[in-house]
Amino acid sequence: MEYVSPEGLRLDGRRPMEMRQIRAEIGAVSRADGSAIFEMGNTKVVAAVYGPREVQNRSQQMSDQALIRCEYSMANFSTGDRKRKPKGDRRSTEISMVIRQTMEACIMTHLMPRSQIDIYVQVLQADGGTRSACINAATLALSDAGIPMCDLVTSCSAGYLNSTPLLDLNYVEDSAGGPDVTVGILPKLNKVTLLQMDSKLPIDILENVMQLATEGCKAVANYIREILLENTKQLEYRRGV
Ligand code: UDP
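Remember, it's a predicted structure, so these values are computed and weren't measured experimentally.

Student: I'm lost on the packing of helix H1 (residues 90–104) against helix H2 (residues 130–144) in this one. Help?
Tutor: When two helices pack together, their arrangement is given by the angle between the helix axes and by the axis-to-axis distance. Look at H1 against H2: their axes get within 10 Å of each other, and the N-to-C directions meet at 45°. On the basis of their axis angle, the class for H1 and H2 is oblique. As H1 packs across H2, the resulting crossing turns out to be right-handed. Counting all contacts with H1, which are made through Arg91, Glu94, Ile95, Ile99, Thr102 and Met103, the residues of H2 involved are Thr130, Arg131, Cys134, Ile135, Ala138, Thr139 and Leu142. Classifying every residue of the contact of H1 with H2 by side-chain character gives seven nonpolar, three polar and three charged.

Below, the structure written as structure tokens:
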């Protein structure tokens, strides 16, 4: 199948290096300590953060750092008839672990010993790239909760179809069976904290695809900074500062 037309356009009209439209909103779950909605095109996720709070299971308490827990799930209505199991399956368990490890790389856990931080991410609408969207939503929710972080971790994926590197694959492109590389970066520290790939790719092409995904992560980071700045301005305005 042709995923990039001779004119260089993808099935949804994007250019190969074009990301889907992103949109974020802070404070979507009022009972949580921090929360956010993050959308990448038709992929829409919500993240809610609770903590730092007392460790529920005392045997997991650590005297020198906070315990980070993460739960990824997909809403029953998120994928139409394609969804297999909303949570508790191997894919959800793996993505929960990946998101937890990625967020652990930026949370200053040593500042909150003997406490626990819970990150819940739920996919409301899935159209490819849900793990990236969840990481971006979690970053915003953690910031909203005031959790100290050394950087704002952001994520984006890129693939390779019809001999062309493509940024931010949607579901149709993702299910074409080509490689899908998900990258997470710490933009200020200029470090890669997540790299996942779901099929084989020659090393020189991997570099191109990874570079493209990294550019996507940087664009997300710029947007997230804008949203956080805007949110802080609004908070100051409401407090009359
Ligand atoms: N998907 C689905 N049902 C499932 C799992 C995945 O419809 O049970 C779709 C969904 O759109 C998802 C895409 O397949 O975004 C790609 O899933 P993958 O496991 O590659 O993770 P993602 O790209 O979402 O991080």
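Past the structure itself, the notes keep going.
Student: Hey, could you run me through H1 in this one?
Tutor: Counting along an α-helix, one turn takes 3.6 residues, and residues three or four places apart therefore face a common direction. For H1, with 15 residues, the first-to-last C-alpha span of 21 Å sits near the 21 Å given by 1.5 Å per residue. Taken together, the buried positions of H1 are Ser92, Ile95, Ser96, Val98, Ile99, Thr102 and Met103. Seen along its axis, H1 keeps its buried residues to an arc of 165°; they face one direction. Contact partners of the buried residues in H1: strand E4 (67–74), strand E5 (115–125), H2 and strand E9 (191–197).

Student: Would you take a moment to explain the sheet that holds strand E3 (residues 43–54) for this structure?
Tutor: Sheets are built from strands that pair by backbone hydrogen bonding, the pairs being arranged parallel or antiparallel. Pairing in this open sheet of five strands is mixed, and the strands run E1-E2-E3-E5-E4 from one edge to the other. Sheet topology places strand E1 (22–26) and E4 at the edges, where each strand pairs with a single neighbour. Adjacent strand axes in the sheet meet at a mean angle of 15° when their direction is disregarded. Note that E4 and E5 share eight bridges and pair parallel. Note on E5: the bridge partner recorded for Ser73 is Gln122. Strands E4 and E5 of the sheet are contacted by H1, whose axis makes an angle of about 140° with E4.

Basis of the calculations
Residues numbered from 1 in each chain as written. Predicted model: local features only at pLDDT ≥ 70, side-chain atom pairs only at ≥ 80, totals over all residues. Heavy atoms only, no water. Axes fitted to C-alpha atoms, helices over the stretch in contact; angles between N-to-C directions. Helix = DSSP H or I, 4+ residues; strand = E, 2+ residues; numbered from the N terminus. Parallel < 35°, antiparallel > 145°, perpendicular 65-115°, else oblique. Left-handed = near helix turned anticlockwise from the far one by under 90°. Contact = heavy atoms within 4.5 Å. Nonpolar A, V, L, I, M, F, W, Y, C, P; charged D, E, K, R; others polar. Expected span 1.5 Å × (residues − 1). Buried < 20%, exposed > 50% of the residue type's maximum accessible area, 1.4 Å probe, protein only. Arc of directions from axis to C-beta. Pairing = 2+ DSSP bridges.

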